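# Coordinate analysis (summary)
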Amino acid sequence: NSALIAQTITGFAPATPKTFSTGGTFALSATGGASGNPVVFASTTTSICTVSGSTATIVAVGTCGLTANQAGNSSYSAAPQVAASVVINQGVQTITSFAPATPITFSTGGTFVLSATGGASGNPVVFASTTTGICTVSGSTATIVAVGTCSLTANQAGNTNYSAAAQVTANVVINKGTQTITGFAPTTPKTFSSGGTFALSATGGGSGNVVVFASTTTSICTVSGSTATIVSVGT
């Protein structure tokens, strides 16, 4: 009997490295010898990658070990096994949609909500303030401390398969709050009496500063503190 003819597998060179993505795949290909039998691919590191047909599926970061085999027949011997390694690097994750509304109007103890969409690691997005004199952060709530620019950061940790996301920043302008004087309604009319007085009162806004009273008709009345003194008949 004649000796079997040797055959060789060629072209088994999957691109490397690959970047991890959950359920990510890449195609395998090689050229077999003349027996006509298919080249059969397999993984030797199923915790890193698995193989079905000519498709490798990424399982985890690491080195994916692969083999290619081709059976022989009555004329050709089995081809020598060919091996290849594909490095699976950590995937990249990105924080998106971190865009708190700006500006915000100051109010004592006022808060606003922070939100962002993290990457595929599943780790939470962690918010912080870099200007704690203007705003502080607890969880996903920012609390207003003072007027100014509230500078915020968003971070997400990585894991075995994903690197930490690049830090994202945002600035929120805190504008001065608006305050209003209410309840300034002295009773009218008054009856003239020489040196007669009447009290003035009003409720001020959130600044805590005192409401200051004055007269714009000092020939009719004068004001000192919260007391108006009648000078003459008129408005």
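Above: the structure in question.
Residues numbered from 1 in each chain as written. Predicted model: local features only at pLDDT ≥ 70, side-chain atom pairs only at ≥ 80, totals over all residues. Heavy atoms only, no water.

## Notes on the state of the cysteines
Counted by the stated rule, this structure contains two disulfides. Disulfide pairing is shown between Cys135 and Cys150; the S-S distance is 2.0 Å. The sign of the S-S torsion, about 85 degrees, decides the handedness of the disulfide formed by Cys135 and Cys150: right-handed. Placement of Cys135 in strand 11 (residues 135-138) and of Cys150 in strand 13 (residues 148-156) is noted, with a sequence separation of 15 residues between them. A single burial state applies to Cys135 and to Cys150, both of which are buried. (Disulfide = S-S within 2.5 Å. Helix = DSSP H or I, 4+ residues; strand = E, 2+ residues; numbered from the N terminus. Buried < 20%, exposed > 50% of the residue type's maximum accessible area, 1.4 Å probe, protein only.)

## Re the sheet that holds strand 7 (residues 79-89)
With respect to topology, four strands assemble into an open sheet ordered 1-7-6-3, the strand pairing being mixed. On the outer flanks of this sheet lie strand 1 (18-19) and strand 3 (39-43), each paired with one strand and no other. Note: strand 3 against strand 6 (residues 62-70), five bridges, orientation antiparallel. Residue Phe41 lies in a different strand from strand 6, and its bridge partner there is Ala68. (Pairing = 2+ DSSP bridges.)

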